[in-house]
Amino acid sequence: MSDPAVVLADLRAESEEVDALVRELTDEQWALPTPAPRWTVAHQIAHLAWTDDAALLAATDPEAFAAETEKALAAPDRFVDDGAEEGAALPPAELLARWREGRERLHQILSEAPPGTRFPWYGPAMSAVSLATARLMETWAHGQDVADALGVVRQPTARLRHVAWIGLRARDYAYLVRGLTPPAEPFRVELTAPSGESWTYGPEDAAQRITGPALDFCLLVTQRAHRADTALTAVGADAEEWLGIAQAFAGPAGQGRAAKGDA
């Protein structure tokens, strides 16, 4: 996970997969509602383009990015939605071209970043690898929203390991953003990858344990699935609590998704 070239190649592949979902859509399909309240397919792609632009700003003009961060802090409930609304108002072809251009520029900048470079972000500053991983996580998650709107079932890939990793790294953040104290001890997480191999994290003798499909874990930490709709198993009260609040993304505490039986 520490090789920038590997992460950037996977980010490009993930972006291309989402691009393929939308490139042939009609205007009516761009306007289809997604599982996110009030967000259409166009809003989802607009958000990806908007966040890529924010990452570009962070990488090229930290002072200007700091000013954008102040705007986010001043309007935490509207800042993201406003960015999506602006992009979603564009003609689909223009919006798609904007996303393609922005993600390609970001790929170039991150690939050329000297080792040790850190970029400001809405949370802690991040390395090029971490920023690329965050972009991949967002691309996968919002791509899932698009796929759900279109009734498309995507095949999970090994790229999920990046989503799982950032979800694990964000464990304590999920507590802190809710005003809670994170557990002191590490958890053991054992996930079954799409290939059938095992992805394991944390000490083998940890009392708090989570096991299950990597896809379900990634859907949960990106809040694209309710805990009840996954095949994840938790051992220990802390592990169970975390699965109820996990989020892999920066910003306010997410609302998550309703269980399918409650929808």
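Right, let's walk through the structure included here. Just so it is clear, the model here is predicted, and its values are computed rather than measured. (Residues numbered from 1 in each chain as written. Predicted model: local features only at pLDDT ≥ 70, side-chain atom pairs only at ≥ 80, totals over all residues. Heavy atoms only, no water.)

Secondary structure summary: the chain contains eleven helices and six strands in total. Radius of gyration (C-alpha) of the chain: 18 Å, near the 18 Å computed for a compact globule of 263 residues. C-alpha extents for the chain along the principal axes are approximately 50 × 45 × 35 Å. Sequence-distant contacts in the chain: of pairs separated by 6 or more residues, those separated by 24 or more amount to 65%. Total accessible area on the chain is roughly 12,600 Å²; 54% of this is exposed by carbon and sulfur atoms. Across the chain, the centroid of the 23 positively charged side chains sits 2 Å from that of the 39 negatively charged ones. (Helix = DSSP H or I, 4+ residues; strand = E, 2+ residues; numbered from the N terminus. Rg over C-alpha atoms; globule rule 2.2 N^0.38 Å. Contact = heavy atoms within 4.5 Å. Areas by Shrake-Rupley, 256 points an atom, 1.4 Å probe, with all protein chains shown as cover. Lys, Arg positive; Asp, Glu negative; His and termini not counted. Charge placed at Lys NZ, Arg CZ, Asp CG, Glu CD.)

Our next topic: helix α3 (residues 41-60). Look at α3: 29 Å from first C-alpha to last across 20 residues, which is about the 28 Å you get at 1.5 Å a residue. When you tally the buried positions in α3, you get 16 out of 20 residues, the bulk of the element. Near the N-terminus of α3, the side chain that reaches the backbone nitrogen of A42, with its oxygen 3.2 Å away, is that of T40. (Expected span 1.5 Å × (residues − 1). Buried < 20%, exposed > 50% of the residue type's maximum accessible area, 1.4 Å probe, protein only. Polar contact = N/O pair within 3.5 Å; in protein donor to acceptor, adjacent residues only side chain to side chain.)

Turning our eyes to something else, we now look at the layout of surface pockets. By rolling a water-sized probe across the atoms, one finds the places where empty space is left. In this structure, the second largest pocket occupies an estimated 350 Å³ of space. For the second largest pocket, the lining is made up of 13 residues, of which D148, R224, A225, D229 and K260 are closest to its centre. (1 Å grid on protein atoms, 1.4 Å probe; cavity = no way out; pocket = protein on both sides within 12 Å on 5 of 7 lines; lining within 4 Å. Points joined across faces, edges and corners; volume = space filled by probe spheres on them.)

Strands sit in the order β4-β3-β5-β6 across an open sheet of four strands; the sheet is mixed. Of all strands in the sheet, those bounded by a partner on one side alone are β4 (198-201) and β6 (233-235). For this sheet, the mean inter-axis angle between neighbouring strands, taken without regard to orientation, is 10°. With five bridges connecting them, strand β3 (residues 188-192) and strand β5 (residues 209-213) associate as parallel partners. (Pairing = 2+ DSSP bridges. Axes fitted to C-alpha atoms, helices over the stretch in contact; angles between N-to-C directions.)

We now examine the packing of α3 against helix α4 (residues 62-74). Look at α3 against α4: their axes get within 6 Å of each other, and the N-to-C directions meet at 135°. When the axis of α3 is compared with that of α4, the two are oblique. Contact residues: A54, L57, A58 and T60 in α3; P62, A64, F65 and E68 in α4. In the contact of α3 with α4, the residues fall into six nonpolar, one polar and one charged. (Parallel < 35°, antiparallel > 145°, perpendicular 65-115°, else oblique. Nonpolar A, V, L, I, M, F, W, Y, C, P; charged D, E, K, R; others polar.)

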